[in-house]
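Working through the structure, step by step
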Amino acid sequence: MDLTPEEQCLISEFRKLSPSGRDELLTYATSLMRQAGPETRPGTENTPNQCRIKKPEQRPEADNNPIFTE
């Protein structure tokens, strides 16, 4: 699993916390997820890093011709 430097820093700081500090942080994160609503919870259709467009635009002209990029 490839992590960004920020994610690696967060994980290392989390591991440095005491057990009570970890529990407090996880409780706080859980409460934030509950406040955010079902649309931002992991495993739902719309996650925070995804586009919220539900159906892609149909383009019949693109069906027959391949798209070339540089």
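**Some words on the overall build of the protein chain**
Helices and strands together make up the secondary structure of the protein chain, namely three helices and zero strands. Along the chain direction, N to C, the helices and strands of the protein chain fall in the order α-α-α. Surface summary for the protein chain: the accessible area is close to 6,900 Å², and the carbon and sulfur share equals 55%.

**Topic: the pattern of salt bridges**
Oppositely charged side chains can form a pair if their charged atoms are brought close together. This structure, assessed with the given rule, holds one salt bridge. Residue Glu13 is joined to Lys16 by a salt bridge in which the shortest nitrogen-to-oxygen separation is 3.4 Å. Of the two residues, Glu13 and Lys16 both sit in helix H1 (residues 5-16), three residues apart, roughly one turn of that helix. Judged by its relative accessible area of 41%, Glu13 is partly exposed.

**Points about the packing of aromatic side chains**
What the rule picks out here adds up to zero aromatic pairs. Its end group placed over the ring of Phe14, Arg22 keeps NZ or CZ at 5.5 Å from the ring centre.

**Looking at the confidence of the model for the protein chain**
Low pLDDT means the predicted coordinates in that region are not meant to be read closely. Scored by pLDDT, the protein chain has a mean of 77; 56% of the residues are at 70 or more. Mean pLDDT in the protein chain bottoms out at helix H3 (residues 60-64), which sits at 66, and peaks at H1, which reaches 92.

**Considering helix H2 (residues 19-36)**
Counted at 1.5 Å a residue, the expected span for H2 with its 18 residues is 26 Å, and the 26 Å between its end C-alpha atoms agrees. Note on H2: the residue one or two positions beyond its end, Gly37, has a positive phi of about 95 degrees.

**Some words on a nonpolar patch on the surface**
There is a patch of nonpolar side chains on the surface, built from Leu17, Leu25, Tyr28 and Leu32 and spanning about 360 Å² of accessible area. With respect to the helices and strands, the residue Leu17 is situated in the loop between H1 and H2. You can call Leu17 partly exposed: its relative accessible area is 35%.

The rules we used
- Residues numbered from 1 in each chain as written.
- Predicted model: local features only at pLDDT ≥ 70, side-chain atom pairs only at ≥ 80, totals over all residues.
- Heavy atoms only, no water.
- Helix = DSSP H or I, 4+ residues; strand = E, 2+ residues; numbered from the N terminus.
- Areas by Shrake-Rupley, 256 points an atom, 1.4 Å probe, with all protein chains shown as cover.
- Salt bridge = Lys/Arg side-chain N within 4 Å of Asp/Glu carboxyl O.
- Buried < 20%, exposed > 50% of the residue type's maximum accessible area, 1.4 Å probe, protein only.
- Phe/Tyr/Trp six-rings, centres within 6.5 Å; stacked < 30°, edge-to-face > 60°.
- Lys NZ or Arg CZ within 6 Å of the ring centre and 35° of its normal.
- pLDDT = per-residue confidence, 0-100.
- Expected span 1.5 Å × (residues − 1).
- Patch = residues over 30% accessible without salt bridge, like charges linked within 9 Å, V, L, I, M, F, W, Y side chains within 5 Å.

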